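A structural walkthrough
Here is how the chains run, residue by residue.
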Amino acid sequence: MSDFEMIEAEQICIIVNFGLGSKLLQIVKNYDVSAETVLLGKGTVNNRILDFLGLSDIRKEIVLMVANKNAADKILEKLNEEIDFEKPGHGIAFTTSVRLLVGTRGNQSDNLIERRGVDDNMYDAITVIVDMGKAEYVIDAATNAGSKGGTIIKGRGSGIHETSKLFSMDIEPEKEIVLILSEKDKTEAIVSSIRKELKIDEPGKGILYIQNVNKAYGLLK
Amino acid sequence: MNLLFFKLKEVLSSVLPIIVIVIILNFTIAPLDVSLIIRFLIGAALIILGLAIFLCGVDIGISPIGNAFGSTIIKTNKLWIIAIAIFTVGFFISIAEPSLRILASQVDFVTSSIISKESIVVIASIGVGTTLSLGFVRILYNIPINKVFTILYSIIFILALFTSREFLAISFDASGSTTGAMTIPFILALAHSVSAMKSDSKASEEDSFGLVGIASTGAIMTVMIMSIISKTDTSTVSLEYNDPIFTSIFSPFIQQIAPTTKEVILALLPIVIIFFVFQTLSFKLSRKVLRKIVMGLVFAFIGFVLFLVGVNGGFMEVGVAIGYSVATLENKVYLVFVGFFLGFATVLAEPSVYVLIYQIEDVTSGYIKRKAVLIPLAIAVGSAIALSMLRIVVPGIQLWHYLLPGYLMSLMMSYFVPKLFVGIAFDSGCVASGPMTITFISAFTRGAAEATEGANVLVDGFGMISIVTMAPLIALQILGFIFKIKSKNGGIEYSNE
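Residues numbered from 1 in each chain as written. Chains lettered and ligands numbered in written order. Predicted model: local features only at pLDDT ≥ 70, side-chain atom pairs only at ≥ 80, totals over all residues. Heavy atoms only, no water.

Let's talk about the overall build of chain A
Put simply, the rule reads: Segments assigned H or I by DSSP are reported as helices when at least four residues long, segments assigned E as strands when at least two residues long, and all are numbered from the N terminus. Residue exposure (1.4 Å probe, protein chains only): buried if accessible area is under 20% of the type maximum, exposed if over 50%, otherwise partly exposed. The protein chains shown are the only cover counted for residues, whose accessible areas, like all others here, come from Shrake-Rupley with a 1.4 Å probe.
A tally of helices and strands in chain A yields 5 helices and 11 strands. Residues counted as buried form 46% of the 221 residues belonging to chain A. In the structure as shown, chain A presents an accessible area of about 11400 Å², 52% of it carried by carbon and sulfur atoms.

Concerning a nonpolar patch on the surface
Residues and elements named next belong to chain B. Quick note on the threshold: Excluding any residue in a salt bridge, patches collect residues exceeding 30% relative accessible area, merging like charges within 9 Å and nonpolar Val, Leu, Ile, Met, Phe, Trp and Tyr side chains within 5 Å. When a carboxyl oxygen of Asp or Glu lies within 4 Å of a side-chain nitrogen of Lys or Arg, that pair is called a salt bridge.
A cluster of nonpolar side chains, Ile265, Leu266, Leu269, Ile273, Val277 and Leu281, forms an exposed patch at the surface whose accessible area comes to about 520 Å². Its location among the elements puts leucine 269 in helix H11 (residues 251–283). Leucine 269 sits in the partly exposed class, given a relative accessible area of 39%.

Comments concerning the environment of Gly429(B)
Residues and elements named next belong to chain B. This is how it is decided: Note on contacts: a residue pair qualifies if any of its non-hydrogen atoms lie within 4.5 Å across the two residues.
Structurally, the position occupied by glycine 429 is in helix H17 (residues 419–432). According to the relative accessible area criterion, glycine 429 is buried, its value standing at 0%. Through-space distance from the C-alpha of glycine 429 to that of isoleucine 465 is 9.9 Å; in sequence the pair is 36 residues apart. If we ignore the near neighbours within four places in the chain, the residues touching glycine 429 are Val468, Thr469 and Pro472.

Focus: the interface of chain B and chain A
Heads up, the rule is: Buried area: the accessible area, evaluated with a 1.4 Å probe, that two parts lose upon being put together, summed over both parts. What qualifies as a polar contact is a pair of N or O atoms within 3.5 Å, subject to a donor-acceptor requirement within protein and to the restriction that residues adjacent in sequence count only when both atoms come from side chains. Only Asp, Glu, Lys and Arg are considered charged, only Ala, Val, Leu, Ile, Met, Phe, Trp, Tyr, Cys and Pro nonpolar, and every remaining residue, Gly among them, polar.
Across the contact, 41 residues belong to chain B and 30 residues belong to chain A. Taken together, both faces of the contact between chain B and chain A bury some 3400 Å²; the carbon and sulfur share is 56%. On the surface where chain B and chain A come into contact, there are 2 salt bridges. Joining chain B to chain A, the criterion identifies 2 residue pairs in polar contact (both at pLDDT 80 or more). For the side of chain B that touches chain A, the secondary structure elements donating two or more residues are helix H1 (3–27), helix H2 (34–74), helix H3 (79–95), helix H5 (117–140), helix H8 (183–195), helix H9 (201–206), helix H12 (287–327) and helix H14 (351–363) of chain B. Among the elements that take part in the side of chain B that touches chain A, H12(B) stands out by supplying 6 residues, more than any other. Within the side of chain B that touches chain A, the residues separate by chemical class into 20 nonpolar, 10 polar and 11 charged.

Structural data, given as structure tokens:
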């Protein structure tokens, strides 16, 4: 059997208000899940008054983990119970497919269990990586095209052309990663708006990719 | 839940301890006037509101300016431009710092104007500018932080041998005073902006801290040098505080508004000027970002005015009153204990503490938890105040009896503790001695010294800040040590399993 057989695993991505990340980790600890990682980011609130005051940003924690499909469903159900994603402002959770999973203690034997329910498959996850400071424009462009908002994560690093040395330190430019969830029928509009505003197609302006979302919680209609 | 609401919740829980302690004291050993208690509560409300607004302002105004400034200046790739620019910035933000000017006018007074107020402000600011640019260059050249501190403090201790006892206290106090609530967020953001670019992610984490600590040593050195050169001894005039006695509840707050507003405008001015100069020269931020930063500055201004009015109008007299009535009690042990609890609770309400913790969480992605830093910091400041009270009660103890072993120990520890914690520890020392501690705890100390026979309000009053600045160095490096041991045993996250 090759290592590259298709496995039925999913990456779960949960975005909650700052401070809830560790609580989430405690909840999922009893499940068969691996690679739990917490990142810090900031999210936006769609509110004209707050936007005017410059207070539209809020600190978020992004929790990433990988589990086989069956466990992923159970975890999401459990989390939904605890956190109640359907209430506005309680956060969102979604899953994307994973093709290969290496280096976990996960037992793949039980991934034959048949799955309950159908995947929603109504959403896309759009990821945009741009230079530091450009994330706001990405969010703006997306919002103009009908997106509900997005989450910004700070990062560093880049293509081979960009590392340089200042004095005795190696420099890698700071980047921002923007995560946007969109309904399938709006994805095209959002993506083309971002492409136009940020000129992503030109070299060095950033990259953008889209993933299928299998299941999503907490997205307001 | 928006940012302001989030901050309000955070601040509420951090100001509550001090309110609870004062009320408990009121009903037990230090009964206060009813009007004083009402003013204290109004002050507390102003502090909560002001602190929340101020912290929002720091988030969207001051920190982004520091970040933009740091990353712009470094791209010039010319050492002399960077050194001069950072020196200039350090000089002006420190010259505008309200607490430095308060300290300077006290020095002016006790030396009978031999050392004038202006000269001490200018000279201490030159010191801060120099060490700030030194600290910045350290980040660029990856010079280990513990070595920098060892060198700087060795110089300080050699200078201290030639400095008179009173000036020793004044110069160490200057280190806590030059880095105030406006300066610290800016310097922290500056350090973060450069370190964040480093491709070595461990170095990038470590070098985000320590710059505030390095900058503050400049003030200690220059004030010492000044006292040695001018060969002044403090004259024997006793310092008379004639605080106005207020009978009405609101007038002390209203009277505070005008001077406080002036003070805060002055403190913000250098940052605003830096911003607009660089915005026209090289930032060229879009209108949206610009508007956000301007809003942030407005928030920082309003919030800080509210905060200071609350502290000065509501907390100061309560501090004196508690200090006085606890010190008159037969059993002096009370004073030490009350000092501990007040110190413990006061530091939690210190504005810069939250800015530092925010940066720690940000840089370590939440690996170092808020509580892990807050608790040792509060214990450290509590112990520092308890030690200061001990110094008032037992006349034989001198300031250097605390400072020398304390600094020796923290320098020694800096060679065994993860570098990240060395930086955090030295920064948190300066952070702990902010406006809240300087006004409220100073008032408490003053009250206690007035009520104690044989205690000199002046000599015992100065020096308290320097102990507050020193104590966190030890406490947070111990924390670093614990982290080091625990991570060796396999992970912090699940250590409680």
